Amino acid sequence: GAVVSQHPSWVICKSGTSVKIECRSLDFQATTMFWYRQFPKQSLMLMATSNEGSKATYEQGVEKDKFLINHASLTLSTLTVTSAHPEDSSFYICSANDPQGILSEAFFGQGTRLTVV
Amino acid sequence: GDSVTQMEGPVTLSEEAFLTINCTYTATGYPSLFWYVQYPGEGLQLLLKATKADDKGSNKGFEATYRKETTSFHLEKGSVQVSDSAVYFCALTLSNFGNEKLTFGTGTRLTIIP
């Protein structure tokens with residue numbers, strides 16, 4: 001199946017700094033990628049839809065100025081957590097659909113565990 | 001709106017026991033249904049899927065049948081193994097074109113004891 005690579009897999013940062021997470025589709029082009037956040041022992045909550053060449057679409061309650069999304073190419077989307085605080089500590093995971101696939105199923109990155117200290 | 005209701009965990013079973021994890025959904029259209037599995041420290045992996053009513057998805061001994069009349073997609077396995085310990089997510093999407101989000105259930109943590 002298609003491969004989505006997410007980097008880094010874990011990061012620890014100081015409060016007030018910014019962290020960038022990359023999501024790459026390795027063997028297909030993805031015009032749309034999705035960013036999810038997973039709180040401990042809870043489900044994945046969609047944060048935003050990343051659209052290549054245009055602005056991301058954010059879900060209600062997600063601060064677009066805090067979670068900056070850039071989808072500059074058909075194989076790369078980045079999520080930057082700006083001025084991170086301990087409450088931003090979470091597991092962030094991206095997904096992309098291979099439009100050439102039989103079902104256009106979603107393929108997920110490995111996830112990034114962010115810890116803000 | 002669209003939603004997925006999933007059996008709450010955690011679920012603990014002995015090896016070789018029969019497993020059922022319930023999942024029901026509400027959707028405005030005709031969704032495709034999925035089960036994803038998340039092993040400790042890893043991201044999500046697609047376990048199985050079904051795209052229309054009465055379809056049965058199966059993989060690694062797991063199976064689930066798309067039941068439109070009961071709006072359900074229950075996950076079953078006849079004989080679980082320790083390696084099946086993971087978190088299982090039921091999900092749906094209304095898109096066949098790969099440009100729509102997935103809606104997830106809350107996840108069910110499964111622990112299999114030897």
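What you see as residue numbers is a count from 1 along each chain, following the sequence as written. Numbering of ligands from 1 and lettering of chains from A proceed in the order in which they are written. Thresholds applied to this predicted model are a pLDDT of at least 70 for local features of residues and 80 or more for the giving and counting of side-chain atom pairs; totals over whole chains, interfaces and linings are not thresholded and use all residues. Each side-chain value is worked out from all heavy atoms of the structure, with water and hydrogens disregarded.

**Some points on the sheet that holds strand 8 (residues 62-65) of chain B**
Residue and element names in this part refer to chain B.
- Pairing is antiparallel across the open sheet formed by four strands, whose spatial order is 3-9-8-7. Pairing within the sheet leaves two strands with one partner each, and these edge strands are strand 3 (19-21) and strand 7 (56-59). Averaged over neighbouring strand pairs, the angle between their axes works out to 15° when direction is ignored.
- In this structure, strand 7 lies alongside strand 8, joined through four bridges in antiparallel fashion. Considered in strand 8, the bridge of Asn 59 is made with Phe 62. When DSSP locates at least two bridges between a pair of strands, those strands are taken to pair. Numbering of helices and strands runs from the N terminus; a helix is a DSSP stretch of H or I covering at least four residues, while a strand is a stretch of E covering at least two. Lines are fitted to the C-alpha atoms to define the axes, a helix being fitted only along its stretch in contact, and any angle between axes, read from their N-to-C directions, falls within 0 to 180 degrees.

**A short note on the nonpolar core**
- Throughout, nonpolar core names a set of buried Ala, Val, Leu, Ile, Met, Phe, Trp, Tyr and Cys residues whose side chains join them through atoms within 4.5 Å. Each residue gets one of three labels from its accessible area relative to the maximum for its type: buried under 20%, exposed over 50%, partly exposed in between, using a 1.4 Å probe on protein chains only. Ranked by size, the top nonpolar core spans 26 residues in total, and within it Trp 35, Leu 47, Leu 48, Phe 73, Leu 75 and Tyr 88 of chain B carry the most contacts.
- Where this core is concerned, the elements lending two or more residues are strand 2 (11-14), strand 3, strand 4 (23-26), strand 5 (32-38), strand 6 (44-50), strand 8, strand 10 (86-93) and strand 12 (108-113) of chain B.
- The greatest single-element share of this core, amounting to four residues, is contributed by strand 10 of chain B.
- Counting residues in hydrophobic clusters, the runner-up holds 25 residues, among them Met 47, Ala 96, Leu 114 and Val 116 of chain A.

**As for a nonpolar patch on the surface**
Residue and element names in this part refer to chain A.
- A contiguous nonpolar surface patch, about 370 Å² in accessible area, is contributed by Trp 10, Ile 12 and Val 117.
- Among the structural elements, Trp 10 can be located in strand 2 (residues 10-13).
- By relative accessible area, Trp 10 is classed as exposed at 58%. Each patch is built from residues lacking any salt bridge and having more than 30% relative accessible area; the joining distance is 9 Å for like charges and 5 Å for nonpolar side chains (Val, Leu, Ile, Met, Phe, Trp, Tyr). Note on areas: Shrake-Rupley, 1.4 Å probe, and residue coverage restricted to the protein chains presented here. Salt bridges are counted wherever a side-chain nitrogen of Lys or Arg sits within 4 Å of a carboxyl oxygen of Asp or Glu.

**A closer look at the packing of aromatic side chains**
- Aromatic rings from Phe, Tyr and Trp, with only the six-membered ring used for Trp, were paired whenever their centres fell within 6.5 Å, and each pair was classed as stacked if the ring planes differed by under 30 degrees, edge-to-face if by over 60, and tilted otherwise. Across all of its chains, the model carries eleven aromatic pairs over all chains by this definition.
- On the numbers, 6.4 Å between centres and 55° between planes, the contact of Phe 28 of chain A with Phe 107 of chain A is tilted. Of the two residues, Phe 28 of chain A is situated in the loop between strand 3 (19-25) and strand 4 (32-38) and Phe 107 of chain A in strand 10 (residues 106-108); the sequence distance between them amounts to 79 residues.
- The class of Phe 28 of chain A is buried, set by a relative accessible area of 8%.
- Phe 107 of chain A sits in the buried class, given a relative accessible area of 17%.
- With centroids separated by 6.0 Å and ring planes inclined at 65°, the aromatic side chains of Phe 108 of chain A and Phe 104 of chain B adopt a geometry described as edge-to-face. Remark: Phe 104 of chain B occurs in strand 11 (residues 103-104) and Phe 108 of chain A occurs in strand 10; the pair is interchain, linking two chains.
- Phe 108 of chain A gets classed as buried once you look at its relative accessible area, which sits at 9%.
- A connected cluster of aromatic rings, assembled from ring pairs, spans Tyr 36 and Phe 108 of chain A together with Phe 34, Tyr 36, Phe 89 and Phe 104 of chain B.

**Points about the pairing of strand 12 of chain B**
All names here are of chain B.
- Along strand 12, the buried face is formed by Thr 108, Leu 110 and Ile 112; none of Arg 109, Thr 111 and Ile 113, which line the opposite face, is buried.
- Where strand 2 meets strand 12, four bridges bridge the pair, whose relative direction is parallel. Its bridge partner lying in strand 12, Leu 13 is registered against Ile 112.
- Pairing between strand 10 and strand 12: three bridges, direction antiparallel. Within the sheet, the bridge partner assigned to Val 87 lies in strand 12 and is Arg 109.

**So, the environment of Tyr 58 of chain A**
Residue and element names in this part refer to chain A.
- Mapped onto the elements of the fold, Tyr 58 is located in strand 6 (residues 57-58).
- Counting along the chain gives eleven residues from Tyr 58 to Ile 69, while the straight-line C-alpha distance between them is 9.5 Å.
- Contact criterion: two residues are considered in contact whenever any of their non-hydrogen atoms come within 4.5 Å of each other. Setting aside residues no more than four positions away along its own chain, Tyr 58 makes contact with Met 47, Ala 48, Lys 64, Phe 67, Leu 68 and Ile 69.
- Polar contacts, as used here, are pairs of N or O atoms within 3.5 Å; protein pairs need one atom able to donate a hydrogen and one able to accept it. Residues neighboring in sequence count only if both atoms are side-chain atoms. Among the polar contacts listed, one links the side chain of Tyr 58 to the backbone oxygen of Phe 67, at a separation of 2.6 Å.
- A distance of 3.3 Å separates a polar side-chain atom of Tyr 58 from the backbone nitrogen of Ile 69.

**Looking at the pattern of salt bridges**
All names here are of chain B.
- The full count for this structure, using the stated rule, is six salt bridges over all chains.
- Among the salt bridges present, the one from Lys 52 reaches Asp 55, with a minimum N-O distance of 3.3 Å.
- Accessibility expressed as a relative area gives 51% for Lys 52, which makes it exposed.
- Here Asp 84 and Lys 77 are joined by a salt bridge, their closest N and O atoms 2.8 Å apart. As far as the burial class goes, Asp 84 and Lys 77 line up, both buried.

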